[in-house]
Amino acid sequence: MPRFSIDPITRRRWQRFRRTRRAYYSLWGMVVLYLIGLCANFLANDRPLVVRYEGNWYFPVFAYYPGTAFGGDLHTRVDYKDLAQEPRFAETKGNYMIFPPLPFGPNENIPPADIDAGKTIQVSFFREPQVASVDLNEELEIRRAQTPEFFFGGSSFREIRGQPLGDYWMVGDDFKAAVRQRFANQAAPAQTIIATNASGEQIELAFSPFEPWDRAPNVVRVILREAGVAGNYQTTSFDEAGEAATALPPIWNDLAEADQQRVREAAADRFRSLVPDVYVTVEGAPYRVRFSREDVAYPFRPTDAHPMGLDNAGRDVLARILYALRISLNFGFVLVAATMIVGTIIGGLQGYSAGWVDLVGQRLIEIWESLPFLYVIILLGSVFGQSFGLLLLVYAVFNWIGISYYMRGEFLKLRKQPFIEAARVMGIPPIKIMWRHMLPNSLVPLITFFPFSLVGAISVLTALDYLGFGLPPPTPSWGELLSQAQDAPHAWWLILYPSLVLFFVLLLTVFVGEGIRSAFDPRVASRIE
């Protein structure tokens, strides 16, 4: 049995790669990410890993079972989450099923009723400011008033009629100037002025915008508004049964029983339709009660059950990102391997043959390179439909050109080396010379360009999916999530999470590529003495 051993040059290159800590740890990061992607079925799936039913074991994550296997009447696909709730499964002792850590599939549409949001009504009590109005003459005496009791110590209009406003509220020169400007029949903007009384309480005195009339007004109307209550509110939540889902605020105990009942009924009605605000009075102060509910509409924000939110079809974003990770890395690895094989064969034949083969080959490659890749993708996708295989094939037949240039150069350099000429003289077939003697000495471009080609492949797949020319729906894809985010700019989770995963995958791959390039750099291992 042949003994496997690493030659000293490769060992030194590996040691140089390990010394580049950033590249070494990035390599392990890529390995972990790839393993996570490969295990996506066991991490996020709407099918259970194991089902124990009437003493038998089932493994739906690996195999398909019809409904008749679990006591159903039809040979259709089993909805295991519904099955777990059915009496024939739930009421039999010993039956159970174990789901993956994230019990949602990448193409599973989550019903809005299953979203753990919008199951309570938020009830907010907003303190409304007291408002009154007074009409003043030029001596600032009150001529008319509407609901003045709160601002004048409980006095009615009859009691304050003819009294100067200054006897109750201290007004400044800015207030007097605003009044004089209106009595002078001059245009004036809307103004709000703060006034205080002897107890230090403050109110807002508001003027409406004024336009000159045919004659000067006899009175000027001033709006009195309670100051310092804007933004004061208390909240609580009620469930559909009318019970408080959170702690009741202090204002609740001060409400009359009739008002409490009105609030409960309005909260219950809000589960079915929109309801108007309710106005209540607590200790003489008015409150406006608003009922709000977070209605579930896709795309929906992250919740406890869906930490990365849901997309525009109600699918779990985390599950789709995990499956997209596997698809992107597999696509990248297969594509880069295919393009390197094709590029090595064509470039190697050109370099080894040289002469007219190389000349004609270069011209044909230049013609092929001039074809527009994106147009070809669109055309073939329209004719044959979008698919993983078609996308891989089309991209592969265009992506090998770059690596063929490097392999052609390597083979052109090696074909005149003494050991190659000696092999020819010995009559060794060209295929064997290329495979056993030239290819092992031309691997540096393949190894050093592999990570960067992988970055390009993943980026192209994401870009094509974003443009709608990539993988067919509903295939999980980072680009498809980013495309959804363009239509729903408020859905920040559709931008942030796919972008972060894409960024880290590309960053780790670039770090690995830098480490490999540094390890294969001959200048690092040589010095001039």
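Coordinates for the structure precede this section.
Reading the values: rules and limits
- Residues numbered from 1 in each chain as written.
- Predicted model: local features only at pLDDT ≥ 70, side-chain atom pairs only at ≥ 80, totals over all residues.
- Heavy atoms only, no water.
- Helix = DSSP H or I, 4+ residues; strand = E, 2+ residues; numbered from the N terminus.
- Buried < 20%, exposed > 50% of the residue type's maximum accessible area, 1.4 Å probe, protein only.
- Contact = heavy atoms within 4.5 Å.
- Pairing = 2+ DSSP bridges.
- Axes fitted to C-alpha atoms, helices over the stretch in contact; angles between N-to-C directions.
- Salt bridge = Lys/Arg side-chain N within 4 Å of Asp/Glu carboxyl O.
- Core = buried A, V, L, I, M, F, W, Y, C linked by side-chain atoms within 4.5 Å.
- Patch = residues over 30% accessible without salt bridge, like charges linked within 9 Å, V, L, I, M, F, W, Y side chains within 5 Å.
- Areas by Shrake-Rupley, 256 points an atom, 1.4 Å probe, with all protein chains shown as cover.
- Phe/Tyr/Trp six-rings, centres within 6.5 Å; stacked < 30°, edge-to-face > 60°.
- Polar contact = N/O pair within 3.5 Å; in protein donor to acceptor, adjacent residues only side chain to side chain.
- Parallel < 35°, antiparallel > 145°, perpendicular 65-115°, else oblique.
- Nonpolar A, V, L, I, M, F, W, Y, C, P; charged D, E, K, R; others polar.

(A) How the structure looks around the overall build of the protein chain. Per the secondary structure count, the protein chain includes 20 helices and twelve strands. Overall, the protein chain is about 125 × 70 × 55 Å in size when its C-alpha atoms are taken along their principal axes. When each of the 529 residues of the protein chain is scored for burial, the buried share is 41%. Sequence separation of 24 or more characterises 63% of the internal contacts of the protein chain that already satisfy a separation of 6 or more.

(B) Geometry of the sheet that holds strand β10 (residues 233-238). Across the sheet, four strands lie side by side as β10-β4-β12-β11; this open sheet has antiparallel pairing. Across the chains shown, the open sheet's two edge strands, defined by having one partner strand only, are β10 and β11 (278-282). With strand direction ignored, the average angle separating the axes of adjacent strands in the sheet is 25°. Bridge count between strand β4 (residues 121-127) and β10: six bridges; the pairing is antiparallel. In the sheet register, serine 124 faces β10, and the bridge partner there is threonine 235.

(C) Layout of the pattern of salt bridges. A full pass over the atoms with the stated rule returns 19 salt bridges. Where glutamate 480 meets arginine 320, a salt bridge forms, and the shortest distance between an N and an O atom there is 3.3 Å. Pair noted here: glutamate 480 is in helix α18 (residues 478-487) and arginine 320 is in helix α10 (residues 317-353), with a separation of 160 residues, a long-range link. Residue classification places arginine 320 among the buried positions, given a relative accessible area of 0%. Across the salt bridge formed by arginine 363 and glutamate 366, the nearest N and O atoms sit 2.8 Å from each other. Of the two residues, arginine 363 and glutamate 366 are both situated in helix α11 (residues 355-369); the distance of three residues between them amounts to about one turn of the helix. Given the relative accessible area of 38%, arginine 363 is considered partly exposed. Given a relative accessible area of 38%, glutamate 366 falls into the partly exposed group. Members of the salt-bridge network, linked through shared partners, are Asp311, Arg315, Arg320 and Glu480.

(D) Examining the nonpolar core more closely. Core analysis: the largest hydrophobic core is formed by 64 residues, its most contacted members being Met438, Ile458 and Trp478. Ranked by the residues each element gives to this core, the list is headed by α10, at 15 residues. With sequence-adjacent residues up to four places away left out, methionine 438 is seen in contact with Tyr352, Phe411, Leu414, Arg415, Ile420 and Ile433. Formed by 24 residues, the second largest nonpolar core is a distinct cluster that contains Val134, Leu140, Trp169 and Ala178.

(E) A nonpolar patch on the surface, seen in detail. On the surface, Phe42, Trp57, Phe59, Phe62, Tyr96 and Ile98 cluster together into a nonpolar patch covering about 630 Å² of accessible area. By secondary structure assignment, the location of phenylalanine 59 is in the loop between β2 (56-58) and α4 (80-85).

(F) Quick peek at the packing of aromatic side chains. As enumerated under the stated definition, the model contains 26 aromatic pairs in all. Measuring from ring centre to ring centre gives 6.2 Å for tryptophan 14 and tyrosine 24, while their planes differ by 70°; the resulting arrangement is edge-to-face. Of this pair, tryptophan 14 sits in helix α1 (residues 8-19) while tyrosine 24 sits in helix α2 (residues 21-38); the two residues are ten residues apart in sequence, bridging distant segments of the chain. Overall, tryptophan 14 belongs to the partly exposed group, its relative accessible area being 40%. With 5.2 Å between their ring centres and 80° between their planes, tyrosine 34 and phenylalanine 333 make a pair best called edge-to-face. Pair noted here: tyrosine 34 is in helix α2 and phenylalanine 333 is in helix α10, with a separation of 299 residues, a long-range link. The class of tyrosine 34 is partly exposed, set by a relative accessible area of 23%.

(G) Here's a closer look at the sheet that holds strand β8 (residues 202-207). Read from one edge of the open sheet, five strands run β6-β5-β9-β8-β7, paired in antiparallel fashion. Each edge of the open sheet is held by one strand with a lone partner, namely β6 (142-146) and β7 (191-196). Strand-to-strand twist across the sheet, computed as the mean angle between neighbouring axes with direction ignored, equals 25°. Note that β7 and β8 share six bridges and pair antiparallel. What sits directly across from isoleucine 194, in β8, is glutamate 204.

(H) Main features of the side chain of threonine 236. The residue threonine 236 is located in strand β10 in this model. From its side chain, threonine 236 meets the backbone oxygen of alanine 247 in a polar contact 3.2 Å long. Ignoring sequence-local partners within four residues, the contact set of threonine 236 consists of Ile121, Gln122, Val123, Phe125, Thr246, Ala247, Leu248 and Pro249.

(I) Examining the pairing of β6 more closely. One ladder, built from four bridges, connects strand β5 (residues 131-136) with β6; its direction is antiparallel. Paired with aspartate 135 across the strands is arginine 144, a residue of β6. In this structure, the hairpin formed by β5 and β6 is closed by a connection of five residues, where leucine 140 is found at a positive phi of approximately 60°.

(J) Structural detail: the side chain of serine 237. The topology assignment puts serine 237 in strand β10. Of the residues examined, serine 237 reaches a relative accessible area of 13% and is grouped as buried.

(K) Examining the pairing of β8 more closely. Following β7, the chain reverses through five residues before pairing antiparallel with β8; glycine 200 in that reversal takes a positive phi of roughly 85°. Relative to strand β9 (residues 220-226), β8 runs antiparallel, the two sharing four bridges. Bridging from a neighbouring strand, leucine 205 pairs with leucine 224 of β9.

(L) Structural view of the environment of proline 476. By the secondary structure assignment, proline 476 is in the loop between α17 (443-467) and α18. By relative accessible area, proline 476 is classed as buried at 7%. Taking the C-alpha atoms as reference points, proline 476 and alanine 319, separated by 157 residues in sequence, lie 8.6 Å from one another. Contacts of proline 476, omitting those with residues within four sequence positions, involve Pro106, Asn107, Arg320, Tyr323, Ala324 and Ile327.

(M) Structural detail: the packing of α10 against α18. Viewed as axis vectors pointing N to C, α10 and α18 meet at an angle of 135°, and their least axial separation amounts to 8 Å. Here α10 is positioned oblique relative to α18, judged by the angle of their axes. Residues Val317, Arg320, Ile321, Ala324, Leu325 and Ser328 of α10 lie in contact with α18, whose contacting residues are Trp478, Glu480 and Leu481. Split by residue class, the contact of α10 with α18 holds six nonpolar, one polar and two charged.

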